[in-house]
Amino acid sequence: KQEVTQIPAALSVPEGENLVLNCSFTDSAIYNLQWFRQDPGKGLTSLLLIQSSQREQTSGRLNASLDKSSGRSTLYIAASQPGDSATYLCAVSYNQGGKLIFGQGTELSVKP
Amino acid sequence: GAVVSQHPSWVICKSGTSVKIECRSLDFQATTMFWYRQFPKQSLMLMATSNEGSKATYEQGVEKDKFLINHASLTLSTLTVTSAHPEDSSFYICSARDPADRGIGGYTFGSGTRLTVV
């Protein structure tokens, strides 16, 4: 069964800290992996997309890495800010345009 | 970029009634739309894949007679929760794939609908 797991489920850090969110997937034959942000009661905003052939992607203070063979991805957030507080979801796809399989998310709280 | 509009953003209905949720792609044609359900503190679970002009494909365990999906045009898909019960209370989110692949990943999500059945 294709499953995605995220650790930790919740994380609280003081402002300015660097942090790492983890995502693992059981079937390593992914087409791509995405990281999303979800604010309470809202839809999803895509943050980063990593194709299966790539090792990492960067956008501003965000860096996502992918180790396809071990079925793992990490999202690194540098110099965290209170505005980063949200739930972060990773999702994998196994074919182009196909459905996304989501992890349960990591709820991040950045304290001022 | 690609925009998906979802309405209503929240709805309260009585047990036994039906509720329709709309998902529109505003600036692109979406041949495929996805409907997800999200319970509190849990992840998004795909309910069904909606294909324009054909029947939706439902995930295992999702009752197709209870969750009616219609994708009659390239810009509109609807999800109707029939004979709703309190256990159907959840957050429903639609997603569409932009053929032009604008944005990151090409998937655009609606803002979600909070359904509460009383």
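Here we summarise the structure given alongside this text. Being a predicted model, the structure only gives us computed values, none of them experimental. (Residues numbered from 1 in each chain as written. Chains lettered and ligands numbered in written order. Predicted model: local features only at pLDDT ≥ 70, side-chain atom pairs only at ≥ 80, totals over all residues. Heavy atoms only, no water.)

Observations concerning the environment of B:Pro86
Residues and elements named next belong to chain B. The line we're drawing: Each helix is a run of H or I in the DSSP string that is no shorter than four residues. Each strand is a run of E no shorter than two, and both are numbered from the N terminus. Relative accessibility under 20% of the residue-type maximum defines a buried residue, over 50% an exposed one, and the middle range a partly exposed one, all with a 1.4 Å probe and only protein chains included.
Checked against the element boundaries, Pro-86 lands in the loop between β8 (76–81) and β9 (90–97). The exposure class of Pro-86 is partly exposed, given its relative accessible area of 45%. Considered as a pair, Pro-86 and Leu-115 are 29 residues apart in the sequence and their alpha carbons are 9.4 Å apart.

Thoughts on the pattern of salt bridges
Residues and elements named next belong to chain A. The condition is simple: Whenever Lys or Arg places a side-chain nitrogen within 4 Å of a carboxyl oxygen from Asp or Glu, that contact is recorded as a salt bridge.
This structure, assessed with the given rule, holds 6 salt bridges over all chains. Residues Arg-37 and Asp-39 are paired through a salt bridge, measuring 3.0 Å at the closest nitrogen-oxygen approach. Here Asp-39 falls in the partly exposed class, since its relative accessible area comes to 28%.

Here's the deal with the interface of chain A and chain B
As a reminder, the rule being used: The contact definition used throughout considers only heavy atoms, calling two residues in contact when any of these lie within 4.5 Å. Two parts lose some accessible area (1.4 Å probe) when they are put together, and adding that loss for both gives the buried area.
Listed per partner, the contact involves 22 residues of chain A and 18 residues of chain B. Carbon and sulfur atoms supply 56% of the area buried between chain A and chain B, which totals about 1600 Å² over both sides. On inspection of chain A and its partner chain B, the count reaches 1 salt bridge. For the side of chain A that touches chain B, the elements supplying multiple residues, two or more each, are β4 (32–38), β5 (44–51), β9 (86–93) and β10 (100–102) of chain A. If one sorts the elements of the side of chain A that touches chain B by residue count, β5(A) sits on top with 5 residues.

These figures capture arrangement, not role.
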